[in-house]
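Working through the structure, step by step
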Amino acid sequence: MSLLETSGLAAFYGDFQALYGVDLHIEEGEAVAIIGANGAGKSTLLRAIAGQLRAPAEHVRFAGMPIGSLAPSRIVRLGVALVPEGRRLFSSLTVEENLQLGGQCGRRGPWTLDRIYRLFPMLAGRRRRPSTALSGGEQQMVAIGRALMANPRLLLCDEISLGLAPIVIRDIYAALPGIRAEGTTVLIVEQDTSRALGMADRVYCLQEGRVTLEGAPAELSRERIRLAYFGV
Amino acid sequence: MAWTNIILQGALLGGLYALFAAGLSLMFGVMRLVNIAHGDLIVLAAYCALMVVQATGVHPLLSLVAVVPLMFALGYALQRGLLNFTLGHEILPPLLVTFGLSVIIQNALLEGFSADSRRLQAGALETASLRLGDQLAIGWLPAIVFLAAAVIIALLEVLLYRTPLGRAFRATSDDADTAQLYGVGIRHVFALATALALAVASVAGVLLAIRTNFDPSIGPARLLYAFEAVIIGGLGSLWGTLAGGVILGVAQSVGGALDPGWDILAGHLAFLLVLVIRPRGLFPKLVD
């Protein structure tokens, strides 16, 4: 049984359809990347899995359980945590309070404040600062830490490199092996294709709300990816 | 000495206004809901206390043991069963619904208790005072009201800044959609905010009813004082709300000393003056 499975997942923003029957599966312990151009539906897919967009229950299964129609606050308790696009830290909370809030859903597991500060040592000295006072990279670390504090089985990361300097992106991606070492399954949305191919066991490419390519990075030629990415 | 006395009495009265305002401020802070029925809910709490006192004969302050949990439960149910459905991107629905609620509460109280003005009898506490000098004395009751306001505001601060629930309140206030991603059930959190707001309002209602006469129509004026205290203090700051209440109380007290007809007017003028000088209030915390 796959940890996560979507079958025929469709998603709408009002009358606008953003996903057209997406089928994907992720096994426990895998790292999977979703690539695709702007507006391909990558973020929408993560939002639908996390419950921010409702779908028919059977369209999303987590550990065999239909979760498509559940509220996000229920889904996180089952073990799916999203690092949202644009970080979305709570501006009136300190760094540590943001992390603590992530832990409030009550799941037990390896991730505690201490573990987060060991994963991202830069945050330890800034724990009492307002989250808005941090640099973009540090804010992204807080956003990842906040999601990890929920001790998810499946971590969803939406464009964690967006707007950051390459050296900062490298620091953030350097944390992923440590996260995976805890047995956490990772699903990442990434615009930077080479970054995605470098970290993932498997890659899905989305184009206009449909899966156009799927496979292990080694099996995929640049040409096939380019075709799946742009459709030309 | 006379002026010292007037200012002191006004400041103590400000405690009551801060109690009116704290619940209003909490609800607005957590869910941006302006509760037009807040004043009427304060009056409703006063009538609940009246019924408890009449039924059991206990001291009015002791009636809080029953009234506070009752109003807490009512607040939870009200938010969960009605007000949650008014929240969304539009600002008008909650205003309209709580306005309707205000009308309903006033008329229901009128139906149940008539328009006669009532009072909670607190015996010796009403007149007992503490002499501070030759011509200066403070009543125990106003002192208790002020202390209650300070203690309740301190407790709310602890709740907001030192507890998981307070964190959830503030996170929800910042970004409700994202708070849900981390397990915060916002409908429950909103309901708890309203429950707490009404618990505080019930303390305000009982102290009001010991201090002065009340009847079913006085709610809207209490709402107005509460608004003024919140705005003077600055949105989002509970200690600012206490300061706002004190400024309002002192202005009314000084106005009333100059001419007995000027007390309420003086309070409103002080409010306008603060709006002109510091449009965002004295200690604003909220950014939007």
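What this report covers is the structure whose coordinates are included nearby. (Residues numbered from 1 in each chain as written. Chains lettered and ligands numbered in written order. Predicted model: local features only at pLDDT ≥ 70, side-chain atom pairs only at ≥ 80, totals over all residues. Heavy atoms only, no water.)

Description of a nonpolar patch on the surface
All names here are of chain B. Residues Trp3, Ile7, Leu258, Trp262, Leu265, Leu269, Leu272 and Leu275 make up a contiguous nonpolar surface patch of about 780 Å² in total accessible area. Breaking the nonpolar patch down by element, the ones donating at least two residues are α1 (2–31) and α11 (263–277). Tallying contributions element by element places α11 first for the nonpolar patch, with four residues. (Patch = residues over 30% accessible without salt bridge, like charges linked within 9 Å, V, L, I, M, F, W, Y side chains within 5 Å. Areas by Shrake-Rupley, 256 points an atom, 1.4 Å probe, with all protein chains shown as cover. Salt bridge = Lys/Arg side-chain N within 4 Å of Asp/Glu carboxyl O. Helix = DSSP H or I, 4+ residues; strand = E, 2+ residues; numbered from the N terminus.)

Overview of the interface of chain B and chain A
Every contact between the two is made by 17 residues of chain B and, on the other side, 22 residues of chain A. Buried surface at the junction of chain B and chain A, summed over both partners, amounts to about 1700 Å²; 53% is from carbon and sulfur atoms. The closest approach of N and O atoms between Arg170 of chain B and Glu97 of chain A, which form a salt bridge, is 2.5 Å. At the boundary of chain B and chain A, one finds 13 residue pairs in polar contact (both at pLDDT 80 or more). (Contact = heavy atoms within 4.5 Å. Buried area = accessible area lost by both parts, 1.4 Å probe. Polar contact = N/O pair within 3.5 Å; in protein donor to acceptor, adjacent residues only side chain to side chain.)

Remarks on helix α9 (residues 219–233) of chain B
Residues and elements named next belong to chain B. The end-to-end C-alpha distance of α9, which contains 15 residues, comes to 21 Å, matching closely the 21 Å that a straight helix rising 1.5 Å per residue would cover. Looking only at α9, the buried set comprises Gly219, Arg222, Leu223, Tyr225, Ala226, Glu228, Ala229, Val230, Ile232 and Gly233. Looking at the buried residues of α9, the elements they touch are α1, α2 (38–56), α8 (186–211), α10 (238–258) and α11. At the exit of α9 stands Gly234, carrying a positive phi of roughly 105°. (Expected span 1.5 Å × (residues − 1). Buried < 20%, exposed > 50% of the residue type's maximum accessible area, 1.4 Å probe, protein only.)

What to know about the packing of aromatic side chains
Counting across every chain of the model gives five aromatic pairs over all chains. Ring centres of Tyr47 of chain B and Phe113 of chain B lie 4.4 Å apart, and the angle between their planes is 35°; on these two criteria the pair is classed as tilted. Here Tyr47 of chain B is found in helix α2, whereas its partner Phe113 of chain B is found in helix α4 (residues 92–113), with 66 residues between them in sequence. A cation over a ring is seen here: Arg210 of chain A above Tyr20 of chain A, with NZ or CZ 4.2 Å from the ring centre. The cationic tip of Arg32 of chain B hangs over the ring face of Phe28 of chain B; the distance from NZ or CZ to the ring centre is 5.7 Å. (Phe/Tyr/Trp six-rings, centres within 6.5 Å; stacked < 30°, edge-to-face > 60°. Lys NZ or Arg CZ within 6 Å of the ring centre and 35° of its normal.)

What about unusual backbone geometry?
For residues besides glycine, phi is generally negative; the peptide bonds are generally trans as well. The phi torsion at Glu208 of chain A lies on the positive side, around 50°, for a residue other than glycine. Assignment of secondary structure puts Glu208 of chain A in the loop between β9 (202–207) and β10 (210–215). The backbone of Arg32 of chain B shows a phi angle near 55°, a positive value even though the residue is not glycine. Turning to its location among the elements, Arg32 of chain B is positioned in the loop between α1 and α2.

Details of the sheet that holds strand β7 (residues 154–158) of chain A
Residue and element names in this part refer to chain A. Pairing in this open sheet of six strands is mixed, and the strands run β6-β7-β8-β3-β9-β10 from one edge to the other. Where the open sheet ends on each side, the last strands, each with one partner, are β6 (80–83) and β10. Adjacent strand axes in the sheet meet at a mean angle of 20°, parallel and antiparallel pairs treated alike. Sheet analysis places β7 next to strand β8 (residues 185–189), joined by five bridges and oriented parallel. Bridge pairing in β8 links Leu156 to Leu187. Each of β3 (31–36), β6, β7, β8 and β9 touches helix α1 (residues 42–50); the most contacted strand, β7, lies at about 145° to it. (Pairing = 2+ DSSP bridges. Axes fitted to C-alpha atoms, helices over the stretch in contact; angles between N-to-C directions.)

Limitation: the analysis is restricted to geometry and does not speak to function.
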